[in-house]
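# Structural overview
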Amino acid sequence: MAGLSAPPKKRTKLRRLLGKNFFTWKRYIAWRLPGRRFANTRLKEQLTYVAMEHSTPLFRRLRNVDMWLQHNKATNLRLAAGRLNGVLLRPGETFSFWRLVGKPTAKKGYLPGMVLCEGAFYPGTGGGLCQLANLIYWLAIHTPLTVTERWRHNYDVFPDSDRTQPFGSGATVAYNYIDLQVRNMTNTAFQLQIWLDGEHLFGCWRCAEPQQYTYRVYEADHAITHEWWGGYLRHNVLRRKCFNANGNEVADEFLVENHAIMMYEPLLPEENI
């Protein structure tokens, strides 16, 4: 399977800063260009039908990751959820994660959370919001909505212990140029709901009309390769089966191809996870 083959690049702080500023302003300009309608309306009332719902745990004990970062993450998720809960996605509109959430700053109450950069963790203001993007992406690919922008994680950081979704089924975000965007190309309105309790992050896409199809996302062509530079790469393809109201399969669709640098040994013993 084709994918990453070169060793991971280590960019200087100056290079990262210049690149971030360039792409941030490029995104600001793109948001203001004519021709695309972005979702910006929130409804207190719920649309009638549930298209897809899912939840993920807020806390997971991880090696070399302090729990206070995860507790701060929960605070950050609550703040971002407040910006997204109830958002209406009308036909022809595009949902933009960062356009709705805004820049996560300390002034807005965001705390240092876990940020992943070039395979390493460090505390960063607003860290942990990738969990929210992961959830919204997973929900979207189980609906007729169209994901128009999604960035894969370039590093596979944790082994599959307790993993309930296929490898590569998430979406990374970084303000504002690494965005998650979902377009409604159907003829009915959808509504995103996001909320938390003490243990889980919940998400749901609701819709104004009953859905004609259900979906099952699955992994294909999984492989781990040992590269010439000494590291391991993990590869797969995500596909989804589409079923009609009678439960008959009517389509088997390609979704995305994933390639990630593994940050652990492929045959890591269970006690080291």
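In what follows, the accompanying structure is described. (Residues numbered from 1 in each chain as written. Predicted model: local features only at pLDDT ≥ 70, side-chain atom pairs only at ≥ 80, totals over all residues. Heavy atoms only, no water.)

## Points about the sheet that holds strand β4 (residues 87-89)
The sheet built from five strands is open, its strands ordered β2-β4-β11-β12-β3 with antiparallel pairing. Whereas interior strands pair on both sides, the edge strands pair on one side only; in this sheet they are β2 (41-42) and β3 (49-57). Bridge analysis of β2 against β4 gives two bridges, and the strand direction is antiparallel. Considered in β4, the bridge of threonine 41 is made with leucine 88. Along the sheet, helix α2 (residues 67-84) makes contact with β2, β4, β11 (190-196) and β12 (200-207), crossing β11 at roughly 155°. (Pairing = 2+ DSSP bridges. Helix = DSSP H or I, 4+ residues; strand = E, 2+ residues; numbered from the N terminus. Contact = heavy atoms within 4.5 Å. Axes fitted to C-alpha atoms, helices over the stretch in contact; angles between N-to-C directions.)

## Some details on the nonpolar core
In this structure, Leu84, Phe95, Phe97, Leu132, Ile136, Ile194 and Trp205 are the most contacted members of the largest nonpolar core, which totals 45 residues. Going through the elements one at a time, α1 (13-32), α2, β4, α3 (97-101), α4 (130-140), β11 and β12 are the ones with two or more residues in this core. Here this core takes eight residues from α4, the largest share from any one element. Those residues in contact with leucine 84, other than ones at most four positions away along the chain, are Phe95, Phe97, Leu100, Val101, Leu132, Ile136, Leu192 and Ile194. (Core = buried A, V, L, I, M, F, W, Y, C linked by side-chain atoms within 4.5 Å. Buried < 20%, exposed > 50% of the residue type's maximum accessible area, 1.4 Å probe, protein only.)

## Details of the pattern of salt bridges
Here the structure, examined in full by the defined rule, presents eight salt bridges. With a shortest N-O distance of 3.5 Å, arginine 90 and glutamate 93 are connected by a salt bridge. According to the relative accessible area criterion, arginine 90 is partly exposed, its value standing at 34%. Residues arginine 239 and aspartate 252 are paired through a salt bridge, measuring 3.0 Å at the closest nitrogen-oxygen approach. Linking arginine 239 in strand β14 (residues 232-243) with aspartate 252 in strand β15 (residues 249-262), this pair joins segments that are 13 residues apart in sequence. Residue classification places arginine 239 among the partly exposed positions, given a relative accessible area of 23%. (Salt bridge = Lys/Arg side-chain N within 4 Å of Asp/Glu carboxyl O.)

## Some points on the pairing of β12
Along any regular strand, the residues point their side chains to alternate faces of the sheet. Summarising burial for β12: six of the eight residues are buried, a large majority. Both β3 and β12 contribute to a ladder of eight bridges, which runs antiparallel. The residue of β12 that forms the bridge with threonine 56 is leucine 201. Here β11 runs beside β12; their pairing, made up of seven bridges, is antiparallel. Opposite leucine 196, over in β12, you have leucine 201 as the bridge partner. Counting the residues that bridge the hairpin from β11 to β12 gives three residues.

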